[in-house]
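# Survey of secondary and tertiary structure
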Amino acid sequence: HIQDPASQRLTWNKPPKSVLVIKKIRDASLLQPFKELCVYLTEENNMIVYVEKKVLEDPAIANDENFGPVKKKFCTFREDYDDISNQIDFIICLGGDGTLLYASSLFQGSVPPVMAFHLGSLGFLTPFNFENFQSQVTQVIEGNAALVLRSRLKVKVVKEHREKMTVQNGIEENGVVSTNLEKEVGKQIMQYQVLNEVVVDRGPSSYLSNVDVFLDGHLITTVQGDGVIVSTPTGSTAYAAAAGASMIHPNVPAIMITPICPHSLSFRPIVVPAGVELKIMLSPDARNTAWVSFDGRKRQEICHGDSISITTSCYPLPSICFRDPVSDWFESLAECLHWNVRKKQNNFAVEEEE
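Since this is a predicted model, take the numbers as computed values, not measurements. (Residues numbered from 1 in each chain as written. Predicted model: local features only at pLDDT ≥ 70, side-chain atom pairs only at ≥ 80, totals over all residues. Heavy atoms only, no water.)

### Remarks on the overall build of the protein
When its secondary structure is counted, the protein shows eight helices and 21 strands. Projected onto its principal axes, the C-alpha coordinates of the protein cover approximately 90 × 80 × 40 Å. The 354 residues of the protein split such that 45% are buried. A total of about 19,700 Å² of accessible surface is found on the protein, and carbon and sulfur atoms cover 49% of it. Within the protein, one finds 33 positive and 42 negative side-chain charges whose respective centroids are separated by 5 Å. (Helix = DSSP H or I, 4+ residues; strand = E, 2+ residues; numbered from the N terminus. Buried < 20%, exposed > 50% of the residue type's maximum accessible area, 1.4 Å probe, protein only. Areas by Shrake-Rupley, 256 points an atom, 1.4 Å probe, with all protein chains shown as cover. Lys, Arg positive; Asp, Glu negative; His and termini not counted. Charge placed at Lys NZ, Arg CZ, Asp CG, Glu CD.)

Right under this line is the structure:
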């Protein structure tokens, strides 16, 4: 028996008490919805509201005397400084798809359920309309909602570091006696949880990128072109779709490998099973370095000897649905990407019998 993708439901072991509200910054149109939502959460539902500190630094919020009593009840945090991963019951996003990606980046382990309101420019991942937010938030608090578990990628970047020093008569520039011309500093390891995609490209270089792609330790291909996209099904409708890949429903367990402008007529995007381990490295004969980014952030250079390991994370992002996973996805295809929009063909006119 195959499980119905619409059968995944949100259930609470105990009533939720804390909520993280993420607002797109530098957007004046979101100030009023943000204030209305926070007043409703604190006064109507007695929720503990967490807000990022830089959101409250907006002059329109800081100078609003009527909003002052509500603001005093907030718990604030700073990205990359404060760990709130074990203090949040669910998340509400106000903005576009970028707010959901940002919410994902804040939780490198288990992610609370996310309710995303469409108040941005695209809104493929944000199914809720803000007009009836009170009833919709109440349904979520009561546990009456469908869920889609959006798989994420666990990415490990290993960088080889060597520090070269000028040595004259056995003495380094800083005056310390040394016998080595080159010091091994060690490996730098960084880990990321990625919701959409990992992009490896040629950066500012005029040469083609030249990277080797391994699958479970076996070399499967060398990418020569502008780069390669490794994406989740959620990311299949983002950069990968623009690069010519198929669009995959988020309930399908898979990883997509999509070349960016490959210098080969036969290099087609492929889909591999979730759980395999991909490794990307510069080819030994590559003329230039490569650059990598994770959901469009943390962009960094990849040199010879560095490696990027990618596999399916065991920490998906639970996204709360407006109706159900299937209906929401096809409505997003139609509304945001105008999928299969075409002027209909006319039917034949029925000729009257002579």
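Now that the structure has been shown, the text picks up again.
### Considerations on a nonpolar patch on the surface
On the surface, V326, F330 and W339 cluster together to form a nonpolar patch covering roughly 280 Å² of accessible area. Note on W339: relative accessible area 45%, which makes it partly exposed. (Patch = residues over 30% accessible without salt bridge, like charges linked within 9 Å, V, L, I, M, F, W, Y side chains within 5 Å. Salt bridge = Lys/Arg side-chain N within 4 Å of Asp/Glu carboxyl O.)

### Considerations on the nonpolar core
Looking at soluble globular proteins, one finds that nonpolar side chains tend to be buried together. Counting 32 residues, the largest nonpolar core has F34, L37, L41, F74, I92, F117 and V137 as its most contacted members. The set of elements that each furnish at least two residues to this core consists of β1 (18-23), α1 (31-44), β2 (48-52), α2 (53-56), β4 (90-95), β5 (114-118) and α6 (133-141). Broken down by element, the residue count for this core peaks at six residues, all from α1. Apart from residues no more than four positions distant in its own chain, F34 is found in contact with V21, K23, V51, V55, L56, I61, F67, F74 and L94. (Core = buried A, V, L, I, M, F, W, Y, C linked by side-chain atoms within 4.5 Å. Contact = heavy atoms within 4.5 Å.)

### Let's talk about unusual backbone geometry
Backbone geometry places C261, a non-glycine residue, at a positive phi of 45 degrees. For C261, a relative accessible area of 54% corresponds to the exposed category. With a phi close to 50 degrees, H338 is a non-glycine residue in the positive phi region. Relative to the helices and strands, H338 resides in the segment after α8 (325-336).

### Side note on α6
Of the residues making up α6, those classed as buried are F133, Q136, V137, V140 and I141. Seen along its axis, α6 keeps its buried residues to an arc of 140 degrees; they face one direction. Lining the buried residues of α6 we find α1, β4, β5 and β21 (317-320). After α6 finishes, the residue G143 shows a positive phi value of roughly 85 degrees. (Arc of directions from axis to C-beta.)

### Overview of the domain arrangement of the protein
The parts lose accessible area when they come together, and the size of an interface is often stated as this lost area. In terms of domains, the protein is made up of domain 1 (9-151 + 316-337) and domain 2 (153-161 + 186-312). Relative to domain 2, the C-alpha centre of domain 1 lies at a distance of 30 Å. Tallying the contact residues gives 21 residues for domain 1 and 18 residues for domain 2. Between domain 1 and domain 2 lies a buried interface of about 1,600 Å² when both sides are counted; carbon and sulfur atoms form 57% of it. Contact with domain 2 buries surface across domain 1, with L101, S151 and W329 losing the most and accounting together for 37% of the total. The interface formed by domain 1 and domain 2 includes one salt bridge. Taken together, the elements giving at least two residues each to the side of domain 1 that touches domain 2 come down to α5 (97-106), β6 (147-150) and α8. When its residues are assigned to classes, the side of domain 1 that touches domain 2 shows 14 nonpolar, four polar and three charged. (Domains from an automatic or database assignment. Buried area = accessible area lost by both parts, 1.4 Å probe. Nonpolar A, V, L, I, M, F, W, Y, C, P; charged D, E, K, R; others polar.)

### A few points about the pairing of β2
Among the five residues of β2, four are classified as buried, and the element is accordingly described as predominantly covered. Bridge count for β1 against β2 is four bridges, and the pairing is parallel. Residue pairing in the sheet places S18 in a bridge with I48 of β2. Where the polypeptide runs from β1 across α1 and back to β2, its parallel neighbour, the crossover connection is right-handed. Where β2 and strand β3 (residues 75-77) come together, three bridges link them in parallel fashion. Directly across from V51, in β3, lies its bridge partner T76. (Pairing = 2+ DSSP bridges. Right-handed = clockwise from strand over helix to strand, strands pointing away.)

### Overview of the pattern of salt bridges
Under the definition given, this model contains eight salt bridges. Notably, a salt bridge pairs E160 with K187, separated by 3.8 Å at the nearest N-O pair. You can see E160 sitting in strand β7 (residues 153-164) and its partner K187 sitting in strand β10 (residues 182-194), a full 27 residues away along the chain. For K187, a relative accessible area of 58% corresponds to the exposed category.

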